[in-house]
Amino acid sequence: YSYNLCTPIHSFILLNLSYYCNNHITYTKLYFFFFFQAEDGIRDAQESRGLGDVYKRQSLFHALSKLADPDTLGTGYDELEGIVAGLPRDNSIAEMLSLVCEHRCKQAVFTRREIARVLGMICCTLRSALTPHSHKITKELARRLKDTDHSVREVAADVFGQLARWVPLGSETTDSTPLTPALRALFNLLRESSRGVQQAAGMAIHSVVNHAPDKVAAPIELERLVPKIAKAVTSCQAPVPLLDAIQSLFRLLPTVVVAPHRSCLAQAALSCLHCREWQAREAAVKALLAMAVRHRAGVGEISGSILEQLRNCRRDSSSRVREVAAEAIHVLA
C-alpha cells in the first residue's frame, strides 16, 4: 500500500511476502521506497517568485542565523549584503524586510544590534526602492529605540539618520514634509516616560540633522523642526542629544537658513546652562559656541544676555564647561 506523509516527501512501502519451504523456515521480505518531491519553485518550470523561492528564503535565514554567533557575524553580514544587492525591485523587498524584522526578542544583545545595522545597510543599498516600505522601516527602528540595551538604541538612532539621508520617505499628506514620518515618530518617543528612550529619540533627531542637513535645511522643514526641538529641550529628561542637534544646526546649515531661528535655538541652549548635569551644561555651551563661530555678525541683539550667562559659566564646577565657555566668550566679545 502507499500513503502520503502530508509533506512534499512521498513515501511508498511495498510489502512482499514470500514463503520458502526450506527445512520448514519461512522468509519475509519487506521493501521500503522513498520518493522525494522537489519544492515549489524548483520542480516546476515557472517564473521565480523572488524570496518566495525556497532557496532564496533559506539563504536569507542562513545568513541571519550567523548573526547569532560572534564568530560568524562578519560572514553573515557580508552574505546579507550580497543578498540585498541582488534583490529584484518587486515584492521581494517586502518579504525580505518582513524576515529581517521578525528577528526580534529573546536574542543576544549583539544580535539585536547587528539586526539594526542590517537595516542601515538595507537603506544605503536599496535607497529609493525602499520608499514604499519606509513606514515599515520607521516603525521597526522606533521599536528598536525602545530596546533595553543602550548599544542597540545607539545603532538604531544612527540608522534613522541613514534612513533620512538615503530613502525618499515621501509625504503622508499634502501638508507634510519629506521628513515628517520619521520626525513624528521620534518626537512621539520623546513623550515616553523612560529616560533611555527619550535619550535614544534625541540621538536619532541629532543623527537626522547630521546625515541629511540638505533636507533639514528646507525652510518648511526648519519651521516645524526648530520649535519642537526648543520645546523638547526644556521638557525632556535627556536634553544632551537635542542640544547636540542644535549645535549641528548651527554648524552644518547655511547661516542664511538658520538666521530666522537663531534666537529660538539660542534661548533653548541658554535654558540648559543651569542644568544639574554637567554634560547638559557642556552641550549647551558648545551649542552657543557653534552659534558664535558661524553667526557672530548676527547675534548682536542677544549677545549681551548670552555673554552675561557665559561669564557665569566660568565659575562652573566642571572644568570642561569652563573651558568651552571661555572660548565662546572670546569669540563673542
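Since the structure is predicted, the reported quantities are computational estimates derived from the model, not experimental observations.

1. A short note on the side chain of Arg112
Here is step 1 of the chain: The residue Arg112 is located in helix α4 (residues 109–126) in this model.
Here is step 2 of the chain: A polar contact of 2.8 Å, which involves the side chain of Arg112, links it to the side chain of Asp147.

2. Here's the deal with the packing of helix α10 (residues 219–235) against helix α11 (residues 240–252)
Here is step 1 of the chain: The interhelical angle for the contact between α10 and α11, taken along N-to-C directions, is 145°, at an axis separation of 10 Å. Read as a crossing pair, α10 and α11 show a hand that is left-handed. Taking contact as the criterion, the partners of Leu222, Ile229, Ala232 and Val233 in α10 are, on α11, Leu242, Leu243, Ile246 and Leu249.
Here is step 2 of the chain: Looking at the contact of α10 with α11 residue by residue, the class counts come to eight nonpolar, no polar and no charged.

3. Focus on α11
Here is step 1 of the chain: Over its 13 residues, α11 runs 18 Å from end to end, which matches the ideal 18 Å to within 8%, given 1.5 Å per residue.
Here is step 2 of the chain: Among the residues of α11, those classed as buried are Pro241, Leu242, Leu243, Ala245, Ile246, Ser248, Leu249 and Phe250.
Here is step 3 of the chain: Close packing links the buried residues of α11 with α8 (195–211), α9 (213–216), α10, α12 (255–258), α13 (262–270) and α14 (278–294).

4. Quick look at the packing of helix α3 (residues 92–101) against α4
Here is step 1 of the chain: In contact at an axis separation of 11 Å, α3 and α4 are set at 165° when each is read in the N-to-C sense. With respect to α4, the element α3 is oriented roughly antiparallel. The element α3 and its partner α4 pack so that their crossing is left-handed. In this structure, α3 contributes Ile93, Met96, Leu97 and Val100 to the contact, and α4 contributes Ile115, Val118, Leu119, Ile122 and Leu126.
Here is step 2 of the chain: Each residue belonging to the contact of α3 with α4 can be placed in one class, and the counts come to nine nonpolar, no polar and no charged.

5. Examining the pattern of salt bridges
Here is step 1 of the chain: All chains considered together, the criterion is met by eleven salt bridges.
Here is step 2 of the chain: The salt bridge involving Glu79 is made with Lys66; its shortest N-O contact spans 2.5 Å. Placement of Glu79 in helix α2 (residues 73–85) and of Lys66 in helix α1 (residues 54–66) is noted, with a sequence separation of 13 residues between them.
Here is step 3 of the chain: Its relative accessible area of 27% is what places Glu79 among the partly exposed residues.

How each quantity is defined
- Every chain is numbered on its own, with residues counted from 1 as its sequence reads.
- Two thresholds apply to this predicted model, a pLDDT of at least 70 for residue-level local features and 80 or more for giving and counting side-chain atom pairs, whereas whole-chain, interface and lining totals are computed over all residues.
- The side-chain values count all of the structure's non-hydrogen atoms but skip hydrogen atoms and water molecules.
- Secondary structure elements follow DSSP: runs of H or I no shorter than four residues count as helices, runs of E no shorter than two count as strands, and numbering proceeds from the N terminus.
- In the analysis that follows, any N or O atom pair within 3.5 Å is treated as a polar contact, provided that within protein one partner can donate a hydrogen and the other can accept it, and provided that, for residues neighboring in sequence, both atoms belong to side chains.
- For helices, the fitted line uses only the C-alpha atoms of the stretch in contact; every axis is such a line through C-alpha atoms, and the angle between N-to-C directions lies from 0 to 180 degrees.
- Throughout, a crossing is termed right-handed when the near helix is turned clockwise from the far one, and left-handed when it is turned anticlockwise from it by less than a right angle.
- Contact between two residues is taken to exist if any of their heavy atoms lie within 4.5 Å; hydrogens are not considered.
- Throughout, the ten residues Ala, Val, Leu, Ile, Met, Phe, Trp, Tyr, Cys and Pro are labelled nonpolar, Asp, Glu, Lys and Arg are labelled charged, and all others, Gly among them, are labelled polar.
- Multiplying 1.5 Å by the helix residue count minus one yields the expected span of that helix.
- Categorising residues by exposure relies on relative accessible area from a 1.4 Å probe, with only protein chains included: less than 20% of the type maximum marks a residue as buried, more than 50% marks it as exposed, and the intermediate range marks it as partly exposed.
- The labels follow the angle: roughly parallel below 35 degrees, roughly antiparallel above 145, roughly perpendicular from 65 to 115, and oblique for the rest.
- The rule for a salt bridge is simple: a side-chain nitrogen of Lys or Arg has to be within 4 Å of a carboxyl oxygen of Asp or Glu.

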